[in-house]
Amino acid sequence: AFHMARVAGKSFVPVTPVDDPCEASATHLLYCEGPVLEAAQRLRIWPDSKDFVDTATRAPASVVLKAWAEETPSDDASARAFIEKWFECGPRDPDGAEGRLGNGTAGTSGPSIGSHPSQPSIGNQTVSLPDWAPDGPPFAAARFNKYIQITRGDDDVYAWAREFASKVHALWPLLTRPPTPVDKEHSTSAIVGDAKSPFDDDKETTKKTSPVTRVSTAIPLPHNALVPGSRFRETYYWDSYWVVVGLVTSGMTHTAQGVALNLLSLVERFGFVPNGARLYYLNRTQPPVLASIVRLVYEALRDEHSVEDTAELKIWDEWPPPTPPKQKKPRPQTKAVTFARYALPLLLKEYAYLTKPERVVRVEVPRTSKAHKITGDFVELARYWAFTDQPRPESWREDVELSEKSGLDDDAEKRKLFRDVASAAESGHDFGSRWLGDSDDAGGTGKGDVVTPGGLNPGPHRALPEPQPDSLASIRTTRIVPCDLNGLMLRCELDIGFLASQVRDEDVKCGTWVKNSEASTSSSLFQVKAGRRRVTINAVLFDETTCRWRDLLLDENARCPEFAKTAKTYYNMGFTQGVRASDYVPLWCGAFEKDSKQALSVVRSLVKSGLPMPGGIATSLRRTGHQWDFPNAWAPLVHMLVEGCDGFGGDEGQKFARETARRWIKTNAQLLKTSKHMHEKYDARVMGSKPGAGGEYAPQTGFGWTNGVVLFFLNKYVYDGDAASGDFKLRGVRLERLLETVGAQRTTVP
């Protein structure tokens with residue numbers, strides 16, 4: 001049985017007026033640059049810089065700007081009074097109510113276990129989740145009919161199974177936000193797409209918009225949106241992949257398709273998927289996972305509707321041809337292919353953005369290297385490049401203070417600093433030692449490294465004080481060719497090629513195939529692109545000594561915008577230092593063949609790297625105080641490494657994946673039990689000990705991608721309950737033997 005979950009919205013939630021170009025421009029001037037932003041951030045009305053740019057106005061943006069020009073505050077008191085007069089008291093909570101002025105907590109507490117999402121009357125504005133089951137995810141109800149008890153010291157973690165899966169599954173409605181309709185019919189804005197999605201609800205897309213009375217930075221979306229949680233009140237690009245992984249695992253294919261369509265709608269409007277669905281994120285994207293999201297939803301639709309589609313095609317095949325001159329109606333398309341056909345041109349549009357000249361670098365390959373025989377004098381690789389050289393509006397104070405402390409007097413150097421900071425944010429790894437430039441901050445075996453990380457047997461845990469984050473003054477993101485980004489570009493090309501081939505094959509079946517159609521040309525073109533990129537990253541970015549891919553450092557000219565649009569070839573300065581989880585991401589992306597010797601060598605390298613720990617896989621071995629460094633473990637990295645080992649690393653990889661996934665499940669479950677929250681990141685040193693820490697904001701809860709990964713792991717890696725034999729199996733391995741390896745005992749819980 002499914003339940004129409006009611007979520008979100010006591011009142012109208014202001015958004016960016018995309019249907020009004022003048023008002024949209026005024027909104028940008030208000031929130032993303034200029035004196036009002038500077039005054040609000042400098043006064044620290046809210047402790048979190050993001051709170052101001054997420055707070056709605058009490059009038060149209062043009063009216064607020066006019067009022068500022070006419071009554072420009074002369075001191076801090078009058079500036080504070082202006083902000084209080086013209087802006088709401090803080091970011092709105094999930095129900096649409098205003099926050100409280102200056103408390104810095106509006107919306108920062110993520111959903112907790114205990115409040116049931118199916119309680120009625122949450123607000124006047126509601127949204128349904130027709131595919132959400134209140135009793136838990138279908139896989140848990142169907143398979144988890146018994147429980148195990150896992151013990152670790154004096155702590156008991158009940159095997160959850162159905163109970164734990166149901167608690168995480170119950171968070172989906174709490175992280176859902178309703179769609180915001182856009183009046184496309186009466187829109188004059190150039191950023192509103194003209195093409196109407198075949199998946200849009202006519203009642204939503206043609207709804208009349210009322211006159212603009214107040215605005216915010218939120219970008220309207222046509223379908224239900226899933227947010228990470230806490231201070232992250234909007235959809236985020238690369239988070240959405242693991243959210244969709246969890247939704248599909250939970251049997252919520254319709255909701256997952258809506259998430260994908262939201263991202264595709266952003267490509268339709270802007271030509272790419274922004275970092276998040278906020279106006280101030282329109283100068284950068286995030287790691288490219290849209291094609292993988294579309295493929296995941298395509299496969300879920302194909303599997304879910306296979307019986308229905310087969311029956312419909314059978315009826316069409318058996319239906320007698322009509323009497324001439326009439327023709328038989330066209331062969332019906334499957335729901336999956338209909339979705340892929342709609343998405344394909346938008347994926348190609350995003351790919352054009354991802355391969356802009358600024359984002360592609362020509363790297364010199366030394367003639368003395370082994371790679372030169374394969375690649376020639378140079379290769380083209382991807383890097384991060386944010387299209388801004390100003391402080392990030394959502395972190396304005398932090399960026400301005402950084403520029404002041406860095407001692408940079410030259411405006412050009414400040415602009416390079418701001419671009420590198422924004423580009424690191426574009427990477428999703430904001431921030432960590434991989435982007436820092438001086439010897440102390442670069443990682444490897446330098447000062448501050450965890451030389452002996454402890455691995456899976458660290459001995460007694462010693463609590464250490466959290467360090468202050470290292471300075472970002474040496475940041476050099478645009479000089480770095482990230483191995484994981486190039487791996488994700490490979491996966492993107494493989495997925496686009498796959499989707500194009502599915503559309504092409506359907507055209508062949510329907511008799512509508514055209515030789516030079518978009519699907520036909522894309523299918524072959526992206527196979528070639530993927531093959532070329534695979535050769536390139538393995539020849540240039542793979543370190544045969546350590547059996548892992550590594551980030552590459554370019555010369556100083558790579559930071560110069562005047563070179564970014566030219567065919568400038570940058571000098572290869574070698575690999576950056578340090579061991580990081582991101583080094584192993586290309587395995588998941590298909591850089592090596594399944595079960596190959598190279599893939600097995602990567603698995604063994606990861607196992608011996610020191611990154612795998614009792615509570616997960618550490619992001620790096622460098623303890624800098626930044627959140628994308630030791631000792632934090634992040635769900636997306638754990639997922640990519642586990643799935644890479646399981647899918648490509650043979651028996652050794654599958655064993656490592658199984659053990660790592662189970663440790664991650666226990667870490668999540670134990671901390672859920674003690675804190676009542678799912679967390680953004682975890683401390684990898686001790687299983688379930690505490691959430692991760694560090695970075696430029698407080699640790700967050702919720703949490704979208706963590707929920708998605710743990711549900712996926714529960715479904716794939718825990719066990720199969722066989723009621724007939726009364727035995728538990730873990731992918732063919734007897735559970736008793738596995739439990740012995742982790743110091744656990746088997747118990748049946750009534």
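The text that follows walks through the structure, step by step, so that each part is easy to find. (Residues numbered from 1 in each chain as written. Predicted model: local features only at pLDDT ≥ 70, side-chain atom pairs only at ≥ 80, totals over all residues. Heavy atoms only, no water.)

With that settled, the discussion passes to helix α13 (residues 335–354). For α13, with 20 residues, the first-to-last C-alpha span of 28 Å sits near the 28 Å given by 1.5 Å per residue. Alanine 343 marks where α13 bends most, by close to 35°; the proline proline 345 follows one to four residues later. Burial analysis of α13 places 14 of its 20 residues in the buried class, the great majority of the element. (Helix = DSSP H or I, 4+ residues; strand = E, 2+ residues; numbered from the N terminus. Expected span 1.5 Å × (residues − 1). Bend = angle between axes of the 7 residues up to and from the residue. Buried < 20%, exposed > 50% of the residue type's maximum accessible area, 1.4 Å probe, protein only.)

An order of β7-β10-β12 is seen for the three strands of this open sheet, with the pairing classed as antiparallel. Of all the strands in the sheet, just β7 (480–481) and β12 (572–575) have a single pairing partner and so form its edges. Bridge count between β7 and strand β10 (residues 552–554): two bridges; the pairing is antiparallel. By the bridge assignment, isoleucine 480 is partnered in β10 with leucine 553. (Pairing = 2+ DSSP bridges.)

Glancing now at the sheet that holds strand β6 (residues 378–382). Spatially, the three strands line up as an open sheet ordered β6-β5-β11, and their pairing is mixed. On the outer flanks of this sheet lie β6 and β11 (569–570), each paired with one strand and no other. Bridge count between strand β5 (residues 360–364) and β6: five bridges; the pairing is antiparallel. Across the sheet, residue valine 361 finds its bridge partner in β6, namely leucine 381.

What follows deals with empty space enclosed by the protein. Which parts of space are left empty comes out when a probe the size of a water molecule is rolled across the atoms. A full pass over the atoms with the stated rule returns seven cavities of 30 Å³ or more. Considered as a void within the structure, the largest cavity measures approximately 270 Å³ in volume. Taken together, 23 residues form the lining of the largest cavity, with Phe232, Tyr236, Gln286, Asp430 and Tyr697 sitting closest to its centre. The residue inventory of the lining of the largest cavity, partitioned by class, reads ten nonpolar, five polar and eight charged. (1 Å grid on protein atoms, 1.4 Å probe; cavity = no way out; pocket = protein on both sides within 12 Å on 5 of 7 lines; lining within 4 Å. Points joined across faces, edges and corners; volume = space filled by probe spheres on them. Nonpolar A, V, L, I, M, F, W, Y, C, P; charged D, E, K, R; others polar.)

Summed over all chains, the structure comprises 30 aromatic pairs. Ring geometry for phenylalanine 272 against tyrosine 353: centres 4.3 Å apart, planes inclined by 10°, an arrangement best described as stacked. With phenylalanine 272 in the loop between α10 (253–270) and α11 (290–304) and tyrosine 353 in helix α13, this residue pair connects regions lying 81 residues apart in the sequence. Ring plane angle 75° and centroid distance 5.3 Å describe the contact between tryptophan 664 and tyrosine 682, whose orientation is recorded as edge-to-face. Here tryptophan 664, found in helix α23 (residues 650–675), pairs with tyrosine 682, found in strand β16 (residues 681–683); they are 18 residues apart in sequence, far enough to count as distant. According to the relative accessible area criterion, tyrosine 682 is buried, its value standing at 0%. Here arginine 362 stacks its cationic end above the ring of phenylalanine 378, 3.6 Å away from the centre of that ring. A cation over a ring is seen here: arginine 491 above tryptophan 588, with NZ or CZ 3.8 Å from the ring centre. (Phe/Tyr/Trp six-rings, centres within 6.5 Å; stacked < 30°, edge-to-face > 60°. Lys NZ or Arg CZ within 6 Å of the ring centre and 35° of its normal.)

The next subject is the pattern of salt bridges. In the structure shown here, the tally under the stated rule is 39 salt bridges. A salt bridge links glutamate 163 to lysine 167; its shortest N-O distance comes to 3.5 Å. Here glutamate 163 pairs with lysine 167, and both are found in helix α7 (residues 162–169), just four residues apart, close to one helical turn. We classify lysine 167 as partly exposed; its relative accessible area is 32%. Between arginine 559 and aspartate 420 there is a salt bridge whose closest N-O contact spans 2.7 Å. (Salt bridge = Lys/Arg side-chain N within 4 Å of Asp/Glu carboxyl O.)

The omega torsion across aspartate 430 and phenylalanine 431 is 5°, close enough to zero to call that bond cis. Looking along the chain, the bond that leaves phenylalanine 630 and enters proline 631 is cis, with omega of 5°. For arginine 44, which is not glycine, the phi dihedral falls at a positive 55°. Structurally, the position occupied by arginine 44 is in the loop between α2 (35–42) and α3 (49–53). Non-glycine residue cysteine 547 carries a positive phi angle of around 55°. One can find cysteine 547 in the loop between β8 (542–543) and β9 (548–549).

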